Amino acid sequence: MIEFHGVTKTYHGVKALDDVSFTVGEGTVTGFLGPNGAGKSTAMRVLAGLARPTSGAATVLGRPYAELECPALAVGTLLDAGAQHPGRTGREVLTLGAMLLGLPRSRVGEVLELVGLSGKEAGRAVGGYSLGMRQRLGIGHALLGRPRALILDEPANGLDPQGIHWMRELLRGLAASGCAVLLSSHLLHEVEQVADHLVLIGAGRVLARGTLAELGRGRTLEQTFLELTSGADRSRA
Amino acid sequence: MTTAPRPARRIPFGVLLRVETRKLLDTRTGLVMTGLLVAAAFALVAGRALTTGPADLRVLAGTAALAPGTLLPVLGILTITGEWSHRTALTTFTLEPRRGRVLAAKLLPVLAASVAACLLGLLVAVPATALSAAVLGVEAGWRLEPGPLLGWIATALLSAASGQALGLLLLNGPAAIVIYLLNPMVWALVRGLGEPGRAVAGWLDLNTATNALMAADLDGGGIARLATAVAAWIAVPMALGVLRVLRKDVW
């Protein structure tokens, strides 16, 4: 459903992504894991058609995102929960999305309920939101069009423990209904609890991929993670 | 797959237009700016009608359109640059990856509003002219010549377009607004340098070059000067800005 085919992205001579290939199948939650600066956000921007790969291709539903007729109906994206106009209300953000996607306004209320934002909160300007509320709004925005694939960049950042629990249940439910979910995180434990597949990335290269069980192989996942990323500790941050 | 694939279709341009128009007004900044613009328009026209006059439709319409003429281009700059300063371009361009369509939908409402502001200015100026004539005890001037009227509207349109071109080129709201607002002052200085300064301003200052348009007095030289200024302040920066936005990675 989501596929990276040998994606390389070079910025000023530095390879932010180096021959990245992996797939996210329908009905699975794939955790995209790596240290800060490993290339997770770059890969997700390439996938969402916001950045052009230097070589290779990323596709969703078999086509590059930007070539889908109305991509947000098929693919939900949350790339940065902080990227909001502070003077716009949460409800308005969702209303603009619903208008563009040709969805009835009632969908805005449904989504607000789904992500647990009250009517009062939705009527406030996003500038006053906590990061956790912005994440909920962003996840709601991604879900507006009932997509079959989800691309979420660090969606658990800023969520409290209840929020993380809520997101885990939500994503598992979506995967159970056939949705392909790619979510990035630099926190291993977060990903471990929700993902069934993992892609480990460091310094722009895929270091390992497979199911949780395959990657654990008797050791804790944390050992595997630290071992693999120690050689690729090239933080751009 | 649990749901059958929907027959997804491209977002109709009319919907993009509606959404981008709505985005001009659905933030605090947008609302405050629009409120200021309307309030200033009424205050200026009322003030002029009741004090100095003249009780002339054409002059008072110009006064009513003065505030929108200045502030609409600023709003036009902010609607473009805001996508980068608040990084909402991430959302905007994932909803519609065909960035050229989004840009067109952003440019058109502000251009339309600048024409509408002139027409509304005319409308407001009708009672203001009658009122002014009555209060000042003079005869009202109702003459409107089509040439200067069209020239005036075209100038407002060009002015708004030049603001948007700067916004698109720089993708930085404060810088674009400062350059846009300081432009007339800088050119006044240039013209103050004597004959060579006036010659340069005649070709490169949009305000100077549109004087002939406003007066509906465009001869061959006037057209050439206007075309040069339009190229310098609208066509070239807008083309470069559009190319930049189409190619730029959104971060």
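Attention in this report is confined to the structure presented alongside it. Not measured: the values here are computed from a predicted model. (Residues numbered from 1 in each chain as written. Chains lettered and ligands numbered in written order. Predicted model: local features only at pLDDT ≥ 70, side-chain atom pairs only at ≥ 80, totals over all residues. Heavy atoms only, no water.)

1. Side note on the nonpolar core
Link 1 in the chain: By size, the foremost hydrophobic cluster in this structure holds 114 residues, and its most contacted members are Ile2(A), Phe4(A), Leu150(A), Leu171(A) and Leu182(A).
Link 2 in the chain: For Phe4(A), the residues in contact, after removing those within four places along its chain, are Val20(A), Ser21(A), Phe22(A), Ala43(A), Leu47(A), Ala57(A), Ala58(A) and Leu182(A).
Link 3 in the chain: Among the nonpolar cores identified, the runner-up in size contains 15 residues, and Leu60(B), Leu122(B), Ala125(B) and Ala128(B) belong to it. (Core = buried A, V, L, I, M, F, W, Y, C linked by side-chain atoms within 4.5 Å. Buried < 20%, exposed > 50% of the residue type's maximum accessible area, 1.4 Å probe, protein only. Contact = heavy atoms within 4.5 Å.)

2. Remarks on the interface of chain B and chain A
Link 1 in the chain: Contacts between the two partners involve 36 residues from chain B, matched on the other side by 43 residues from chain A.
Link 2 in the chain: Summed over both partners, the interface of chain B with chain A comes to about 3600 Å²; 55% of that surface belongs to carbon and sulfur atoms.
Link 3 in the chain: Seen at the junction of chain B and chain A, the total is five salt bridges.
Link 4 in the chain: Of the charged contacts in the structure, one is a salt bridge between Lys9(A) and Asp249(B), with a shortest N-O distance of 2.6 Å. (Buried area = accessible area lost by both parts, 1.4 Å probe. Salt bridge = Lys/Arg side-chain N within 4 Å of Asp/Glu carboxyl O.)

3. Observations regarding empty space enclosed by the protein
Link 1 in the chain: In this structure the tally under the stated criterion is three cavities of 30 Å³ or more.
Link 2 in the chain: Considering only enclosed or pocket space, the largest cavity measures out at about 220 Å³ in volume.
Link 3 in the chain: Every residue lining the largest cavity is counted, 20 residues in all, and those nearest its centre are Thr77(A), Leu78(A), His141(A), Thr91(B) and Thr94(B).
Link 4 in the chain: Of all the secondary structure elements, the ones that give two or more residues to the lining of the largest cavity are β5 (75-78) and α6 (131-143) of chain A together with α5 (89-95) of chain B.
Link 5 in the chain: A breakdown of the residues in the lining of the largest cavity according to their chemical character gives eleven nonpolar, eight polar and one charged.
Link 6 in the chain: Space inside the second largest cavity adds up to approximately 140 Å³.
Link 7 in the chain: Listing elements by their share of the lining of the second largest cavity, those giving two or more residues are α3 (90-101) of chain A together with α1 (13-25) and α5 of chain B.
Link 8 in the chain: The element best represented in the lining of the second largest cavity is α3(A), accounting for four residues.
Link 9 in the chain: Residue composition of the lining of the second largest cavity, by class: five nonpolar, six polar and two charged. (1 Å grid on protein atoms, 1.4 Å probe; cavity = no way out; pocket = protein on both sides within 12 Å on 5 of 7 lines; lining within 4 Å. Points joined across faces, edges and corners; volume = space filled by probe spheres on them. Helix = DSSP H or I, 4+ residues; strand = E, 2+ residues; numbered from the N terminus. Nonpolar A, V, L, I, M, F, W, Y, C, P; charged D, E, K, R; others polar.)

4. With respect to α1(B)
Link 1 in the chain: Taking 1.5 Å of rise per residue, the 13 residues of α1(B) would be expected to cover 18 Å, and the 19 Å separating its terminal C-alpha atoms lies within 8% of that figure.
Link 2 in the chain: Among the residues of α1(B), Val15(B), Leu16(B), Val19(B), Glu20(B), Lys23(B) and Leu24(B) are the ones counted as buried.
Link 3 in the chain: As for α1(B), its buried residues are in contact with α3 of chain A together with α2 (28-50), α4 (66-85), α5 and α6 (99-136) of chain B. (Expected span 1.5 Å × (residues − 1).)

5. Focus on the layout of surface pockets
The rolling of a water-molecule-sized probe over the atoms marks out the regions of remaining empty space.
Residues and elements named next belong to chain B.
Link 1 in the chain: By volume, the largest pocket amounts to about 640 Å³.
Link 2 in the chain: The wall of the largest pocket is formed by 29 residues, among which Gly69, Thr155, Ser159, Tyr180 and Asn207 lie closest to the centre.
Link 3 in the chain: Within the residue set of the lining of the largest pocket, elements represented by two or more residues are α4, α6, α7 (146-170), α8 (173-191) and α10 (206-209).
Link 4 in the chain: For the lining of the largest pocket, the element with the highest residue contribution is α7, accounting for eight residues.
Link 5 in the chain: One number sums up the size of the second largest pocket: a volume of about 410 Å³.
Link 6 in the chain: As for the second largest pocket, its lining consists of 21 residues, and the residues nearest its centre are Leu37, Val38, Ala113, Ala117 and Leu120.
Link 7 in the chain: Elements supplying a minimum of two residues to the lining of the second largest pocket: α1, α2, α4 and α6.
Link 8 in the chain: Sorting elements by how many residues they give to the lining of the second largest pocket places α6 first, with eight residues.

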